[in-house]
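Topology and contacts: notes
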Amino acid sequence: APTNGDTLEVGKDEVFDAEAGLSLDWYRPADRADQTLPVILFFYGGSWQDGDRADYRFVAASLAERGYLVVVPNYRKSPQVDFTTIMQDGARATRWVHDQLDRLRGNPQRFYLMGHSAGAHLAALLATQNQWLQAVDLTPGVIAGVVGLAGPYDFTPRAADIRRVFEGAPEDVTHLSRLVSGDEPPMLLQYGLADKVVGPQNHERLSAALSAQGVCHRVITYDGLGHVDLVSAFS
């Protein structure tokens, strides 16, 4: 999708994991160079198997033009790596952003994780299961909130390729409702009622678990919108 580069300050191909060859891009509104901005770390979807950060410039640009510092990292995919590695890549990207907030003029008190589809699952799991961020010397307490678009939070893998993604994965990573402890940051869960890819039980079960533990959250559903519509709307 086209974006207006003249309105953005962009950092391309910044390496956050040299050993794994992983990079990210960041975006800021060009007219707010001296301002400290709220931060969104955006994880794209693709069934944990596909996707590239370059395809989501339109999402980052749309958010940056609304006053955010937006970071979009790549992460490795199945079947080249296992699910644990995917989560470790997400945690390392989070650590990099946290460490670079001064340089990038981001507000550490307003550091949000956001994702679409598999990326929403990645973001929500980082904030729910402490082990991933603890492995990079962070805690979910550094995250001010999570925004999930059409996230598969609570499901049983059935298709062969999805079962392969989660072979050997830690217990309950596909059932976040069982992992909620009450220490999670606020969550905004958005879902299109015409979604034929991710079923409504995903946000319903996670929402119920968050409610039971007293976690601040909100669910917004959209009539007539499908799985891809929630992210393509940013164009």
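Now for a description of the structure that goes with this document. (Residues numbered from 1 in each chain as written. Predicted model: local features only at pLDDT ≥ 70, side-chain atom pairs only at ≥ 80, totals over all residues. Heavy atoms only, no water.)

Comments concerning the overall build of the protein chain
The secondary structure content of the protein chain amounts to 8 helices and 8 strands. With respect to the principal axes defined by its C-alpha atoms, the protein chain has extents near 45 × 40 × 35 Å. Classification of the 235 residues of the protein chain by burial places 53% in the buried group. Summarising the internal contacts of the protein chain: among those between residues at least 6 apart in sequence, 74% fall at separations of at least 24. (Helix = DSSP H or I, 4+ residues; strand = E, 2+ residues; numbered from the N terminus. Buried < 20%, exposed > 50% of the residue type's maximum accessible area, 1.4 Å probe, protein only. Contact = heavy atoms within 4.5 Å.)

Some points on the environment of Val215
Position of Val215 among the secondary structure elements: in the loop between helix 7 (201-212) and strand 8 (217-222). Separated by 35 residues in the primary sequence, Val215 and Val180 have C-alpha atoms spaced 9.0 Å apart. For Val215, the residues in contact, after removing those within four places along its chain, are Val180, Gly182, Glu184, Pro185 and Leu210.

Section: the pairing of strand 7 (residues 187-192)
Within strand 7, 5 of the 6 residues are buried, which leaves it mostly tucked inside the rest of the structure. With helix 6 (residues 160-165) bridging strand 6 (residues 145-149) and its parallel neighbour strand 7, the resulting β-α-β unit is right-handed. Sheet topology note: the strand 7/strand 8 ladder contains 6 bridges and is parallel. Counterpart to Tyr191 in the pairing with strand 8 is Thr221. The handedness of the strand 7 to strand 8 crossover, carried by helix 7, is right-handed. (Right-handed = clockwise from strand over helix to strand, strands pointing away. Pairing = 2+ DSSP bridges.)

A short note on the pattern of salt bridges
Going through the model one piece at a time under the given rule, you end up with 12 salt bridges. Between Asp13 and Arg53 there is a salt bridge, with the nearest N and O atoms lying 2.6 Å from each other. Of the two residues, Asp13 is situated in strand 1 (residues 8-17) and Arg53 in the loop between strand 3 (37-43) and helix 1 (57-64); the sequence distance between them amounts to 40 residues. In this structure Arg53 comes out as buried when scored by relative accessible area, which is 10%. With a shortest N-O distance of 3.4 Å, Asp154 and Arg205 are connected by a salt bridge. Highlighted residues: Asp154 in the loop between strand 6 and helix 6 and Arg205 in helix 7, separated in sequence by 51 residues. On the basis of relative accessibility, which here comes to 41%, the residue Arg205 falls in the partly exposed class. Several salt bridges converge on common partners, so that one network encompasses Lys12, Asp13, Asp25 and Arg53. (Salt bridge = Lys/Arg side-chain N within 4 Å of Asp/Glu carboxyl O.)

Side note on the packing of aromatic side chains
Here the structure, examined in full by the defined rule, presents 8 aromatic pairs. Note on Trp48 and Phe155: the rings are 6.0 Å apart at their centroids and 20° apart in plane angle, and the pair reads as stacked. In this pair, Trp48 sits in the loop between strand 3 and helix 1 while Phe155 sits in the loop between strand 6 and helix 6, placing the two residues 107 residues apart along the sequence. Across the pair, Phe155 and Trp48 agree in class, each one buried. An aromatic cluster is built from Phe42, Tyr44, Tyr56, Phe58 and Tyr75, whose rings are joined through pairwise contacts. (Phe/Tyr/Trp six-rings, centres within 6.5 Å; stacked < 30°, edge-to-face > 60°.)

Let's talk about helix 7
Taking 1.5 Å of rise per residue, the 12 residues of helix 7 would be expected to cover 16 Å, and the 16 Å separating its terminal C-alpha atoms lies within 8% of that figure. Taken together, the buried positions of helix 7 are Asn202, His203, Leu206, Ser207, Ala209 and Leu210. Down the axis of helix 7, the sector holding all buried residues measures 165°, keeping them to one side. Contacts made by the buried residues of helix 7 are with strand 7 and strand 8. Gly214 occupies a position one or two residues after helix 7 and carries a positive phi of about 70°. (Expected span 1.5 Å × (residues − 1). Arc of directions from axis to C-beta.)

What about the nonpolar core?
Counting residues in each nonpolar core, the largest one holds 74 residues, and the members touching the most others are Phe42, Phe43, Trp48, Leu113 and Leu126. Among the elements that take part in this core, helix 4 (residues 118-128) stands out by supplying 8 residues, more than any other. When residues no more than four places from it in sequence are discounted, the contact partners of Leu126 are Phe43, Met87, Gly90, Ala91, Thr94, Leu113, Trp132, Leu133 and Pro140. (Core = buried A, V, L, I, M, F, W, Y, C linked by side-chain atoms within 4.5 Å.)

Digging into unusual backbone geometry
Following Ser78, the chain continues to Pro79 via a peptide bond in cis, the omega torsion being 5°. Tracing the backbone shows Pro79 in the loop between strand 4 (69-73) and helix 2 (83-99). In the Ramachandran plot, Asp13 falls in the positive-phi region, its phi being about 60° despite a non-glycine side chain. Although it is not a glycine, Asp137 adopts a positive phi angle of roughly 65°.

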